[in-house]
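Residue strings, one per chain:
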Amino acid sequence: MGAIIDNVLVSDKANLDVFSGTLQNLAELDRDIVVVTSDSRGSGKLGPFGQKFPAQIVEIGIAEQNLVGVAAGLASAGKKVFAVSPACFLTARALEQIKNDVAYSDNPVKLIGISAGVSYGALGTTHHSLHDFAVLRAVNNITVVAPADNFETEQAIAQAANSNHPFYLRFGKKVMPALPTDIDNSFSFVKGRIIREGKDLTIIGTGETVYPAWQAAEKLEQDYNIQATVISMHTIKPLDYELLARVAATGKPIITVEEHSVYGGLGEACASFLLQHNYHNPFKIMGIPDEYTVTGSQNEIFNHYGLSESGIADTALKILKQKH
Amino acid sequence: MTPKELALKSIGYRKNILKYIYGANAGHTGGSLSCIDILNVLYNHTLNVGPDNFKSPDRDRYIQSKGHCVEALFVVLADKGFFPESDLETLCRYKSHYIGHPTRKVNGVEQNTGALGHGLPISVGTALAAKMDNKAYRVFTLLGDGELPEGSNWEAALTAAHYKLDNLTAIIDHNKLQITGRTSDVCNTDPIDLKFESFGWAVRHVDGHDFKMLQETLDELPFTDSKPSLIIAHTVKGKGISYMEDELKWHHGVPNKQQYAQAIEELDNAVATL
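All of these numbers come straight from a predicted model, not from anything done at the bench.

1. So, the pattern of salt bridges
Scanning the model with the defined rule gives 26 salt bridges over all chains in all. Its salt-bridge partner being Arg193(A), residue Glu152(A) comes within 2.8 Å of it at the nearest N-O pair. Separated by 41 residues along the polypeptide, Glu152(A) in helix H7 (residues 150-161) and Arg193(A) in strand S9 (residues 193-196) bring together distant segments of the chain. There is no split in this pair, since Glu152(A) and Arg193(A) are both buried. When salt bridges with common partners are traced through the structure, they connect Asp32(A), Lys79(A) and Asp133(B) into a single cluster.

Here it is in structure tokens:
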């Protein structure tokens, strides 16, 4: 599958590939762009970057705390730093460095969590990041972003590169089909992107769950004539409260879908806003439950927990049957 | 500045450290007194940094890893004119930026520190940026001996040597005491010199209260081309106040009125001995 952009068929790629390609384009024009890696240039798809810009890549070795501390030092001296490491290690082992050296000191490091969520599938819980939204939402002064498709990824990287403040961006490894841009073809942080509009309910996804949310909405229309709005809430923090209030004002059900623990992520962020602003829409958080995560590939884990076309559609049917 | 002039300055710094800790009824007294002579020589002899060039990308950087001894840093920064000394009357008060650890809200502070084991990795990144940009500025960081077991220090020590950062100097305030007791009893890190040498650093020992020796040692940086430098400064916790020296309880002990008066009297008397 591909997208037609400016009459050119663009093949879909993994967001990670788009990240590395975008960074390469930026580095071409800006010698202050620096990538810092922890033996992760291969998994970050940064091999070609390293070959083309050997003076703009810093290898730390497998030492994530040091990766983030060094990145903060580089950023404080004027470098536009992308610190790239698997999301699971970056946001857990180096959390104190993220909190103090990056966020608290306001050193403008762009932390790139690669192979995020359950992208590593059968490698197991050590390699999953189902906590990163939760922990980083509680850290002041960092924008938390999970782009859904190649377009959002490219925009997010380009815009983050020119910001003077800290960011955390997470990507998966899976090829991500382009989402429709007919309603909203723009991208800016903290503005949720409306992928599809419908009157019966709203499904809010983030990152790699937006696509199955959109598929579920298409299925609901085809099979049940149910019209769903789908939102890509790429920025988890700060959250687009305005958009949330707008969809909540319809009184229709809201479902959130994330590749993250059901604790502390997108869903609870939305729930917190809704309750504190007296919106009482039927509401469901879909994500990875608080249990020993089922083993399997990313797709199998998604299917197991219902983060799939049919799983999300079933949840929508159930919530629509609830009395409210 | 001559060693004698520096010695006189340190007496004034010690009086101010005690004055503001006494006023705030909080602070890390012992460690601030052990590292103050090092900061004195850095800011009055070695570093090309002051209020006039603090925004310059070419300034030398000082990053205090042992952030809890912020009172020593504040007193020196005030003396250098980064802010009015009277600001320190708000130390640890509600809404003051002069809190118990360094933050960039205070003019002259390079990085927010306080959690241990953070100064060296940030300093490595800053020194690496200088190398990438062919800039001549140097980076200095002060570590406590008690924070050496933090693994991030050793990760950063490897990186500093790997990238041949001879523009980086780490100084260990080796007062040999930490909050629980002797550093050698809590977690023995000896021999510090051999460990860093094996990591690829050039190492020197100094008496951290000998101004001439500190000046001469800092003048010889880098000790070896293409190697980061480590200065192990042998110091005394609570240095300069008879009843505080090498006494564990002064890690963050605050003097009472009578103790404060005695400390000031001892420091006033010390002027005559110079």
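2. What about the sheet that holds strand S5 (residues 80-86) of chain A?
Residues and elements named next belong to chain A. Ordered in space as S4-S3-S5-S6-S8-S7-S12, the seven strands form an open sheet in which the pairing is mixed. Here the strands that pair on one side only, and so sit at the sheet edges, are strand S4 (57-59) and strand S12 (235-237). Each strand of the sheet is rotated relative to its neighbour by a mean of 20°, with strand direction disregarded. Pairing of strand S6 (residues 110-114) with strand S8 (residues 167-170), which is carried by four bridges, proceeds in the parallel orientation. Each residue of the ladder has a partner; that of Lys-110, found in S8, is Phe-167.

3. Considering the packing of helix H3 (residues 64-76) of chain A against helix H5 (residues 151-162) of chain B
H5(B) packs onto H3(A) with a crossing angle of 65° between their chain directions and a minimal axis gap of 9 Å. Comparing their axes, H5(B) and H3(A) come out roughly perpendicular. H3(A) and H5(B) meet at a crossing whose hand is right-handed. The segment H3(A) lies against H5(B), with Glu64(A), Gln65(A) and Asn66(A) engaging Ser152(B), Glu155(B), Ala156(B) and Thr159(B). Residue composition of the contact of H3(A) with H5(B), by class: one nonpolar, four polar and two charged.

4. Considerations on the sheet that holds strand S2 (residues 139-144) of chain B
Residue and element names in this part refer to chain B. Strand order in the open sheet made by the five strands is S1-S2-S3-S7-S6, with parallel pairing throughout. The open sheet has two free edges, formed respectively by strand S1 (61-64) and strand S6 (202-207), since each of these has just one partner strand. Sheet twist, expressed as the mean angle between neighbouring strand axes with direction ignored, is 20°. Sheet topology note: the strand S3 (residues 168-174)/strand S7 (residues 229-234) ladder contains six bridges and is parallel. Across the sheet, residue Ala-170 finds its bridge partner in S7, namely Leu-230. Running over the sheet, helix H2 (residues 29-46) touches S1, S2, S3 and S7 and is turned about 150° from S3.

5. Points about the UniProt feature "domain: Transketolase N-terminal" (unreviewed entry) in chain B
UniProt tags residues 21-259 of chain B as "domain: Transketolase N-terminal" (unreviewed entry). Across residues 21-259 of chain B, the secondary structure splits into 34% helix and 14% strand, with the terminal C-alpha atoms separated by 12 Å.

6. Focus on the state of the cysteines
Covalently bonding the sulfur atom of one cysteine to the sulfur atom of another cysteine gives a disulfide. All names here are of chain B. Throughout the structure, instances matching the rule amount to zero disulfides over all chains. Here Cys-69 stays unpaired: no disulfide links it, and the sulfur of Cys-35, its closest cysteine neighbor, is 5.0 Å away. Counting only cysteine sulfurs, Cys-69 is the nearest neighbor of Cys-187, a cysteine outside any disulfide, at a range of 19 Å. By relative accessible area, Cys-187 is classed as partly exposed at 37%.

7. Some remarks on the domain arrangement of chain A
For an interface, size is often stated in terms of accessible area lost upon the parts coming together. All names here are of chain A. Looking at the assigned domains, one finds that chain A contains domain 1 (2-176) and domain 2 (193-321). One C-alpha centre belongs to domain 1, the other to domain 2; they are set 25 Å apart. At the interface, 34 residues of domain 1 touch 30 residues of domain 2. Carbon and sulfur atoms supply 55% of the area buried between domain 1 and domain 2, which totals about 2300 Å² over both sides.

8. Details of a nonpolar patch on the surface
A contiguous nonpolar surface patch, about 230 Å² in accessible area, is contributed by Leu8(B), Val271(B) and Leu274(B). Looking at Leu8(B), the relative accessible area reads 46%, which means it is partly exposed.

9. Quick notes on H5(B)
For H5(B), which comprises 12 residues, the first-to-last C-alpha distance of 17 Å matches the rise-based estimate of 16 Å (1.5 Å per residue) to within 8%. Taken across its 12 residues, H5(B) has nine buried, putting it largely inside the fold. Turning to H5(B), the residues buried within the fold contact H3 and helix H5 (95-104) of chain A together with helix H4 (119-132), S2, S3 and helix H7 (192-198) of chain B. Note on H5(B): the residue one or two positions beyond its end, Lys164(B), has a positive phi of about 55°.

Calculation notes
Residues numbered from 1 in each chain as written. Chains lettered and ligands numbered in written order. Predicted model: local features only at pLDDT ≥ 70, side-chain atom pairs only at ≥ 80, totals over all residues. Heavy atoms only, no water. Salt bridge = Lys/Arg side-chain N within 4 Å of Asp/Glu carboxyl O. Helix = DSSP H or I, 4+ residues; strand = E, 2+ residues; numbered from the N terminus. Buried < 20%, exposed > 50% of the residue type's maximum accessible area, 1.4 Å probe, protein only. Pairing = 2+ DSSP bridges. Axes fitted to C-alpha atoms, helices over the stretch in contact; angles between N-to-C directions. Parallel < 35°, antiparallel > 145°, perpendicular 65-115°, else oblique. Left-handed = near helix turned anticlockwise from the far one by under 90°. Contact = heavy atoms within 4.5 Å. Nonpolar A, V, L, I, M, F, W, Y, C, P; charged D, E, K, R; others polar. UniProt positions renumbered as here; feature names shortened; annotations may be inferred. Disulfide = S-S within 2.5 Å. Domains from an automatic or database assignment. Buried area = accessible area lost by both parts, 1.4 Å probe. Patch = residues over 30% accessible without salt bridge, like charges linked within 9 Å, V, L, I, M, F, W, Y side chains within 5 Å. Areas by Shrake-Rupley, 256 points an atom, 1.4 Å probe, with all protein chains shown as cover. Expected span 1.5 Å × (residues − 1).

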